[in-house]
Amino acid sequence: MLGLPQVAAAAFPVRALHEERLSVRFLRKARVLPLVEEVEGLSLAMADPLDDVAAEAVAYAIGRPVLRRVAVASDIDRALDRLYVGSSRETSVNGEGGEGAVAEAASHAEDAERLRDLASDAPVVRLVNRWLAEAVEAEASDIHLEPSESALLVRLRVDGVLVELDSQPAALHAAVVSRLKIMARLDIGERRLPQDGRLDLTARGRRIDVRVSILPAVRGESVVLRLLDRGGVVFDFEALGFDARTRERFLKVVERPHGILLVTGPTGSGKTTTLYTALARLRRPDYKILTAEDPVEYRLEGVIQTQVKPQIGLGFANLLRSFLRHDPDVILVGEIRDLETARIAAQAALTGHLVLSTLHTNDAAGAITRLVDMGLEDYLLTATINGIAAQRLVRRLCGACREPYAPGPELLARLGLERATGRLWRAVGCTACNGTGYKGRSAIMEVLAMSERLRQLVMRQAGAEALRAAAVEEDMTTLFQAGLGKAQAGETSIEEVLRVAGAQ
């Protein structure tokens, strides 16, 4: 017996020691792990405490004596995965990198093979499959896997709000991420750069398209899985929550033969789904429809859809130029991000095409000033813009547990409803909605239809507030007013409207 103390995994450190002096590659090969600095020297966990070469190398690198401790080899491996994820020191004990590119490549291959073994463990496979199945069951739009020092936190975005699903030991992080990389056909050994991929799965009898995004972070790689239910999307304005007045106003703009229609709003506000619904409405045998998207989220029959690939120089502007040579009637551009794309879209609209696109602004009037700030000439803007729709998604009250109440005078005054009578509705929570009080989401929208008065204001370089006031005078329903109407009808709560659209 050596008489050396044995260290359990629970006593391992929560942060890496001497990361700047000891390479991860050396620690993995020697199966050693720095534990804690003591008065006599560095306490070092070793799978083989008789490995004098490893102990002396560590002592030389840190300039202190080494106190040998015994630990299980698999515990050391998992701790290294947890503590040293993303470390760039993979070459030598002192970081000088003397073994060259061949040794580095061999180390990368060995590391990838070890991660592949971890990802193939049955418990890891079952855990990932369970998360995916529960996300589909909860009708979540995203799964977030977020590493911390002590745990791997798993959250779902349900109806636009993040809720915690699970928490697992941090030691599982490397295995889980590796499993997802394998499923999405990504580089399992690359932990320094962001990666994006996709996978298809069938859960609860439903076919789901999953977009995988992996981002290197301080405590390890953060993963977001976006779930797109191919069979669960209905491209119908009424199903999306459009009231009759909004739908009529929006369709008047959509059905014009040429010009530009913009849908604005933050990420996750349903802009793409609204535009797809418009395309489904426009789709007919005598129309040719082309789309440039990043990414292509849903596949539409009768529509030629193209994925932009900026890494090879295939951006929105380049695709738009090519589209014009294919004699389309309708063009959808996923997003107007720069002046070049905006100008080509305007030129396409001037030459008899209907152009649909999105823009990131807070309201409809703000889209006009955003394009002007981008550098688009005001004469092009006024000649091509047919209308701008600003959109948000509010959570629907659960029909099984919502309850009415009479709002007080202070709330009525805040909402501008001093003379109103009647009731509002609030969330309660039940088993049908998992205690949230909400189930599903509905769109609220303001539609700014360009008029001669608005065009004159644009030519006079009026600000967003003046444009918005003029649009309201021309009977535009604002986002807040649209949300308030849904609250009074019992479709959502006033708290949800204020959260999403703000006050009047």
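Refer to the structure presented above.
The structure contained in this document is the topic of the report that follows. (Residues numbered from 1 in each chain as written. Predicted model: local features only at pLDDT ≥ 70, side-chain atom pairs only at ≥ 80, totals over all residues. Heavy atoms only, no water.)

Quick word on the packing of helix H17 (residues 479–488) against helix H18 (residues 494–501)
Phase 1 of the analysis: Two elements in contact, H17 and H18, have axes separated by 9 Å at closest approach and are oriented at 165°. The pairing of H17 with H18 is recorded here as roughly antiparallel in orientation. Relative to H18, the crossing made by H17 is right-handed. Residue-level inspection shows Leu479, Phe480, Gly483, Leu484 and Ala487 of H17 in contact with H18, the latter providing Ile494, Val497, Leu498 and Ala501.
Phase 2 of the analysis: Within the contact of H17 with H18, the residues separate by chemical class into 8 nonpolar, 1 polar and no charged. (Axes fitted to C-alpha atoms, helices over the stretch in contact; angles between N-to-C directions. Helix = DSSP H or I, 4+ residues; strand = E, 2+ residues; numbered from the N terminus. Parallel < 35°, antiparallel > 145°, perpendicular 65-115°, else oblique. Left-handed = near helix turned anticlockwise from the far one by under 90°. Contact = heavy atoms within 4.5 Å. Nonpolar A, V, L, I, M, F, W, Y, C, P; charged D, E, K, R; others polar.)

Regarding the sheet that holds strand S5 (residues 151–158)
Phase 1 of the analysis: The 6 strands lie next to each other as S6-S5-S4-S9-S8-S7, forming an open sheet whose pairing is antiparallel. Because the sheet does not close on itself, it has two edges, and the strands there are strand S6 (161–169) and strand S7 (195–203). Ignoring which end each strand starts from, the neighbouring axes of this sheet average 20° apart.
Phase 2 of the analysis: Two elements, strand S4 (residues 142–147) and strand S9 (residues 222–229), share 4 bridges in a ladder whose sense is antiparallel. Among the inter-strand pairings, Asp142 is bridged to a residue of S9, identified as Arg226. (Pairing = 2+ DSSP bridges.)

Focus: helix H15 (residues 452–459)
Residues spaced three or four apart along an α-helix point in a common direction, a consequence of the helix completing one turn every 3.6 residues.
Phase 1 of the analysis: For H15, the full list of buried residues reads Leu454, Arg455, Leu457 and Val458. End-on, the buried residues of H15 take up no more than an arc of 160°, which puts them together on one face.
Phase 2 of the analysis: In the core, the buried residues of H15 are packed alongside helix H12 (364–374), helix H13 (378–384), strand S15 (385–397), strand S18 (438–449) and helix H16 (464–473).
Phase 3 of the analysis: A positive phi of about 60° marks Gln461, the residue just after H15. (Buried < 20%, exposed > 50% of the residue type's maximum accessible area, 1.4 Å probe, protein only. Arc of directions from axis to C-beta.)

Focus: the environment of Pro194
Phase 1 of the analysis: Looking at the secondary structure, you find Pro194 in the loop between helix H6 (173–183) and S7.
Phase 2 of the analysis: Given a relative accessible area of 53%, Pro194 falls into the exposed group.

Focus: the nonpolar core
Phase 1 of the analysis: In terms of nonpolar packing, the biggest core is built from 48 residues, with Ile260, Leu262, Ile336, Ile368, Leu371, Ile385 and Leu448 touching the most fellow members.
Phase 2 of the analysis: The contact partners of Ile336, leaving out residues within four places of it in the chain, are Leu262, Thr341, Ala342, Ala345, Ser357, Thr358, Leu359, Leu371 and Met374. (Core = buried A, V, L, I, M, F, W, Y, C linked by side-chain atoms within 4.5 Å.)

Observations concerning the pattern of salt bridges
Phase 1 of the analysis: For the structure shown, the criterion picks out 31 salt bridges.
Phase 2 of the analysis: Between Arg198 and Asp200 there is a salt bridge; the shortest N-O distance is 3.8 Å.
Phase 3 of the analysis: Residue classification places Arg198 among the partly exposed residues on the basis of a relative accessible area of 32%.
Phase 4 of the analysis: Looking at Asp200, the relative accessible area reads 46%, which means it is partly exposed.
Phase 5 of the analysis: In this structure, Arg395 and Glu496 form a salt bridge, with 3.2 Å as the shortest nitrogen-oxygen distance. Linking Arg395 in strand S15 with Glu496 in helix H18, this pair joins segments that are 101 residues apart in sequence. The same class applies to Arg395 and to Glu496, which are both buried.
Phase 6 of the analysis: One connected set of salt bridges, linked through shared partners, spans Arg198, Asp200, Asp209 and Arg211. (Salt bridge = Lys/Arg side-chain N within 4 Å of Asp/Glu carboxyl O.)

None of this, on its own, says anything about what the molecule does.
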